[in-house]
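# Coordinate analysis (summary)
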Amino acid sequence: MKGNEAIAEAALRAGCECFFGYPITPQTELLQYMAKKLLKSGGVFIQAESEVGAINMAYGAASCGKRVMTSSSGPGISLKQEGISYLAGAELPCVIVNIMRGGPGLGNINAAQSDYLQATKGGGHGDYKVIVLAPSSVQEAVDLTIKAFDLADRYRNPVMILGDGMLGQMMEVVEFDENYERPRTEKPWAVTGERNRPKRVTNSLYIVPEELEKHNFKLKEKYKKIEENEVMVEEYMTDDAQVIFVSFGMCARIVKSAVNKLRQSGEKVGLIRPITLYPFPTKCIEKYANSNNIKFFIDVEMNLGQMLEDVKLSVAGKKDVHFYGRTGGMIPTIAEIVGYYFSLKK
């Protein structure tokens, strides 16, 4: 299946009941697939008048306890940021898909990874976090989409699938877990219109400063639990490595091929691939930064170094961290990465 369509199918199998979106390349096939399939399964599909409309419709459906998803790319995700902050503030579960494109501005429709900071640091206002999952294959996109719905319900928090134009447009063989069962998550907070019970309100407005501060501390405790329990990371050929590459998403697949090529040349290199960008696998990188075997790290991204900040914070100055990146929709090649590695060894 094509990546966009596979994500949509995974969402349906995860029990997605409502989808609200607006077309934008390179994720429009996801919207088209939902338009065809969701109504047939008894769900709600609306092509909103704008991305702002779509995210606020998602807020409404999430308030009613429904499993809801929205998707977009680059500029569209920027328009959704206020609504994402509202969702996090009201503690509403929602899955958001960002199939990244080149930027800034309208940029272009090619693959890029320049929305990392927007996704992981909160593109909207206030003290909030969004769980961010970064698949590196269509199969992993399927698995993480299903997991995203479960995480959103478990923590009452927005979860973002952060892919890119390559992932959305490429076609790979995928398998679906036919035994998946949606967890039974009670939602006593949901606005259902029932009579003869206390009033329920989903809200992110706290006029009294003391109340808002209390709410923010409550959210902070939730994020602490997420950081303790939900980190996902792949360690590839790191056992005897002397140099560690760090990369995420589709770019990490290219880096993995470069690692294999360097290994064939006798170079002891490995790869750390963060699967959760938030929570970031700080302790994993820290472990290698404290090792006497490791000489330095190389961060490779399809941007100008957005994850680099988190890598450097994790390494904490114990080793040098170098960076190689392409931007504007350009994709690094295996030869470029291998060449950069050898340039650092001179």
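Residues numbered from 1 in each chain as written. Predicted model: local features only at pLDDT ≥ 70, side-chain atom pairs only at ≥ 80, totals over all residues. Heavy atoms only, no water.

Our focus in this paragraph is the environment of Y324. Relative to the helices and strands, Y324 is located in strand β12 (residues 320-325). Y324 gets classed as buried once you look at its relative accessible area, which sits at 18%. As a C-alpha pair, Y324 and L262 span 62 residues in sequence and 16 Å in three-dimensional space. (Helix = DSSP H or I, 4+ residues; strand = E, 2+ residues; numbered from the N terminus. Buried < 20%, exposed > 50% of the residue type's maximum accessible area, 1.4 Å probe, protein only.)

With the rule as written, the count across this model stands at five aromatic pairs. Both rings, one in Y116 and one in F248, keep their centres 5.5 Å apart while their planes meet at 45 degrees; by these two values the pair is tilted. Of the two residues, Y116 is situated in helix α5 (residues 116-121) and F248 in the loop between β8 (243-246) and α9 (249-264); the sequence distance between them amounts to 132 residues. By relative accessible area, which is 0% here, Y116 ends up buried. Aromatic side chains Y341 and F342 sit 5.2 Å apart centroid to centroid with 70 degrees between the ring planes, which places their arrangement in the edge-to-face category. Residue F342 is classed as partly exposed on the basis of its relative accessible area, which comes to 34%. (Phe/Tyr/Trp six-rings, centres within 6.5 Å; stacked < 30°, edge-to-face > 60°.)

One finds M34, M69 and F297 to be the most contacted residues of the largest nonpolar core, which totals 89 residues. Among the elements that make up this core, the one with the highest residue count is helix α6 (residues 138-155) (ten residues). Two domains each provide a minimum of three residues to this core, namely domain 1 (3-230) and domain 2 (233-345). Once residues lying within four places of it in the same chain are set aside, the contact partners of F297 are I244, V246, I285, Y288, A289, V315, K319, D320, V321 and H322. Counting 21 residues, the second largest nonpolar core, distinct from the first, contains I254, L262, I337 and V338. (Core = buried A, V, L, I, M, F, W, Y, C linked by side-chain atoms within 4.5 Å. Domains from an automatic or database assignment. Contact = heavy atoms within 4.5 Å.)

Moving on: the environment of D239. With respect to the element layout, D239 can be found in the loop between β7 (233-236) and β8. When the C-alpha atoms of D239 and N293 are compared, they prove to be 9.8 Å apart, with 54 residues separating the residues in sequence.

With burial as the criterion, each face of β8 is covered, one bearing V243 and F245 and the other bearing I244 and V246. Examined bridge by bridge, β8 and strand β9 (residues 269-274) share four bridges and lie parallel to one another. Considered in β9, the bridge of V246 is made with I272. With α9 bridging β8 and the parallel β9, this β-α-β connection has right-handed handedness. When β8 meets strand β11 (residues 296-301), the two strands line up parallel, connected through four bridges. Residue pairing in the sheet places V246 in a bridge with D299 of β11. (Pairing = 2+ DSSP bridges. Right-handed = clockwise from strand over helix to strand, strands pointing away.)

Note on strand geometry: in a regular strand, side chains alternate between the two faces of the sheet. Across four bridges, strand β1 (residues 18-21) lies against strand β2 (residues 44-47) in parallel orientation. Opposite G21, over in β2, you have Q47 as the bridge partner. In this region the chain leaves β1, passes through helix α2 (residues 28-37) and returns to the parallel neighbour β2; the handedness of that crossover is right-handed.

Attention shifts here to a nonpolar patch on the surface. Judged by side-chain polarity, L205, I207 and V208 come together as a nonpolar surface patch covering roughly 310 Å² of accessible area. Mapped onto the secondary structure, I207 falls in the loop between α7 (165-169) and α8 (209-229). (Patch = residues over 30% accessible without salt bridge, like charges linked within 9 Å, V, L, I, M, F, W, Y side chains within 5 Å. Areas by Shrake-Rupley, 256 points an atom, 1.4 Å probe, with all protein chains shown as cover. Salt bridge = Lys/Arg side-chain N within 4 Å of Asp/Glu carboxyl O.)

Here the domain parsing of the protein chain yields domain 1 (3-230) and domain 2 (233-345). Relative to domain 2, the C-alpha centre of domain 1 lies at a distance of 28 Å. Listed per partner, the contact involves 34 residues of domain 1 and 24 residues of domain 2. At the boundary of domain 1 with domain 2, total buried surface from both sides reaches about 2,500 Å², with 57% on carbon and sulfur atoms. The largest share of the area that domain 1 buries against domain 2 comes from Q113, Y116 and S136, three residues that together contribute 30% of it. Viewed at the interface, domain 2 and domain 1 are joined by three salt bridges. If you look at where domain 1 meets domain 2, you find 18 residue pairs in polar contact (both at pLDDT 80 or more). If you tally residues by element for the side of domain 1 that touches domain 2, the top one is α5, at four residues. Among the residues making up the side of domain 1 that touches domain 2, the classes are represented as 18 nonpolar, eight polar and eight charged. (Buried area = accessible area lost by both parts, 1.4 Å probe. Polar contact = N/O pair within 3.5 Å; in protein donor to acceptor, adjacent residues only side chain to side chain. Nonpolar A, V, L, I, M, F, W, Y, C, P; charged D, E, K, R; others polar.)

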